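A look at the structure
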Amino acid sequence: MQEWLEVLIPGLQIFLIILLAWLLNRLLKRVIARVGQAYSLPHELLLPLRGVFRWIIIAAAILAILERLGMSATVLWTAFTGFATVGAVAFFAAWSVLSNLFCAVLIVTVGPFRLGDYIELLDTAEKPGAKGRVIDLNMLYTTLQDESAPPGVPNVLQIPNSLIFQRVIRRWKGGMPAENTPASSHEEASAMAIVTPAASSTAAQA
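Residues numbered from 1 in each chain as written. Predicted model: local features only at pLDDT ≥ 70, side-chain atom pairs only at ≥ 80, totals over all residues. Heavy atoms only, no water.

**With respect to the overall build of the chain**
The cut-off we apply is this: Helix and strand labels come from DSSP, where a helix needs a run of H or I of at least four residues and a strand needs a run of E of at least two; each type is numbered from the N terminus. Only protein chains enter the accessibility calculation, which uses a 1.4 Å probe; a residue is then buried when its area is under 20% of its type maximum, exposed when over 50%, and partly exposed in between. Residue contacts follow a heavy-atom distance rule, with two residues in contact if any of their heavy atoms lie within 4.5 Å.
On a plain count of helices and strands, the chain comes out with 7 helices and 5 strands. In the chain, the succession of α and β elements from N to C terminus is α-α-α-α-β-β-β-β-α-β-α-α. Burial statistics for the chain: of 206 residues in total, 20% are counted as buried. Long-range contacts, defined here as pairs at least 24 residues apart, represent 49% of the contacts in the chain between residues at least 6 apart.

Next up, the structure:
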């Protein structure tokens, strides 16, 4: 009976660890889904968050199971610190990509512009830069429809999200406002007649 208990108790503990990890993963998925619906977050942002939390739960469950199987806590801690060091090095190596991911989160939450807006990125308030209508936003790039392209040769500008927060942004909500067209000669003559009725009546008598 004692031998069966030595096998049954660790097995039951491992089963409970796996069950708890599964329940925690489902709970976090529901919480992330509700937060995404409440704040209208894009699916491209929610999917990486789910993956990060899922792998954290899996790693914690594996460490707990190994400890139940008799592996030393010192060995587990050494392995964890080693993986953490490698992860930190990889984090700094991929900082440019991660900064774009973080800036994408800020663009969605803060909302300096929206899809369909017409924006212009300026080095300063006087110096012109890239401009166009925002047609797409993903985790790495903000895509602009370049309206300065020649007719019949449409192209787009893909701007890294991190660059958005390093430039001055000029924004037109809903699109570029219509430019004022010059008045025709008939419209100018009508305007002058309204402004100077005396001169127009004298010219008519003459």
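**Comments concerning the sheet that holds strand 1 (residues 118-122)**
We apply this condition: Two strands make a pair as long as DSSP finds a minimum of two bridges between them. An axis is simply a line fitted to the C-alpha atoms; with a helix, the fit covers only the stretch in contact. Between two such axes, the angle follows the N-to-C directions and lies from 0 to 180 degrees.
Overall, antiparallel pairing links the 5 strands, which are arranged 4-3-2-1-5 in an open sheet. Edge strands, defined here as strands with exactly one partner in the open sheet, are strand 4 (155-160) and strand 5 (168-172). Across this sheet, the average inter-strand angle for adjacent strands is 40 degrees, counted without regard to direction. With 4 bridges connecting them, strand 2 (residues 131-137) and strand 3 (residues 141-146) associate as antiparallel partners.

**Things to note about the UniProt feature "transmembrane region" (unreviewed entry) in the chain**
Put simply, the rule reads: UniProt positions are given in the numbering used here, feature names are shortened, and annotations may be inferred rather than shown by experiment.
UniProt's entry tags residues 7-25, 45-66 and 75-98 with the feature "transmembrane region" (unreviewed entry), counted in the numbering of this structure. When the span residues 45-66 is considered, its composition is 100% helix and 0% strand, and the gap between its end C-alpha atoms is 33 Å.

**Side note on the pattern of salt bridges**
The criterion, for reference: Basic side-chain nitrogens of Lys or Arg form a salt bridge, by our definition, when they fall within 4 Å of a carboxyl oxygen of Asp or Glu.
As enumerated under the stated definition, the model contains 2 salt bridges in all. Asp-117 is paired through a salt bridge with Arg-171; the nearest N and O atoms lie 2.9 Å apart. Remark: Arg-171 occurs in strand 5 and Asp-117 occurs in the loop between helix 4 (95-110) and strand 1; sequence separation between them is 54 residues. Exposure remark for Asp-117: the relative accessible area of 5% places this residue in the buried category. One salt bridge connects Arg-170 with Glu-120, and the closest N-O pair in it is separated by 3.1 Å.

**Quick word on helix 4**
Each full turn of the α-helix corresponds to 3.6 residues, which orients residues three or four apart in the same direction. Quick reminder of the rule: Multiplying 1.5 Å by the helix residue count minus one yields the expected span of that helix.
For helix 4, built from 16 residues, the straight-helix expectation of 22 Å at 1.5 Å per residue is met to within 8% by its first-to-last C-alpha distance of 21 Å. Residues Ser-99, Asn-100, Cys-103, Ala-104, Ile-107 and Val-108 constitute the buried set of helix 4. Check the buried side of helix 4 and you find it contacts strand 2, strand 3, strand 4 and helix 5 (161-164). Directly beyond the C-terminal end of helix 4, a positive phi value near 75 degrees is found at Gly-111.

**Some words on the packing of aromatic side chains**
Note the following rule: The pairing test for Phe, Tyr and Trp rings, Trp by its six-membered ring, is centres within 6.5 Å, and the orientation test on the planes gives stacked under 30 degrees, edge-to-face over 60, and tilted for anything in between.
One pass over the structure, following the stated rule, counts 1 aromatic pair. For the pair Tyr-118 and Trp-172, a centre-to-centre distance of 5.4 Å together with 70 degrees between the ring planes defines the contact as edge-to-face. One end of the pair, Tyr-118, is in strand 1; the other, Trp-172, is in strand 5, and 54 residues separate them in sequence.

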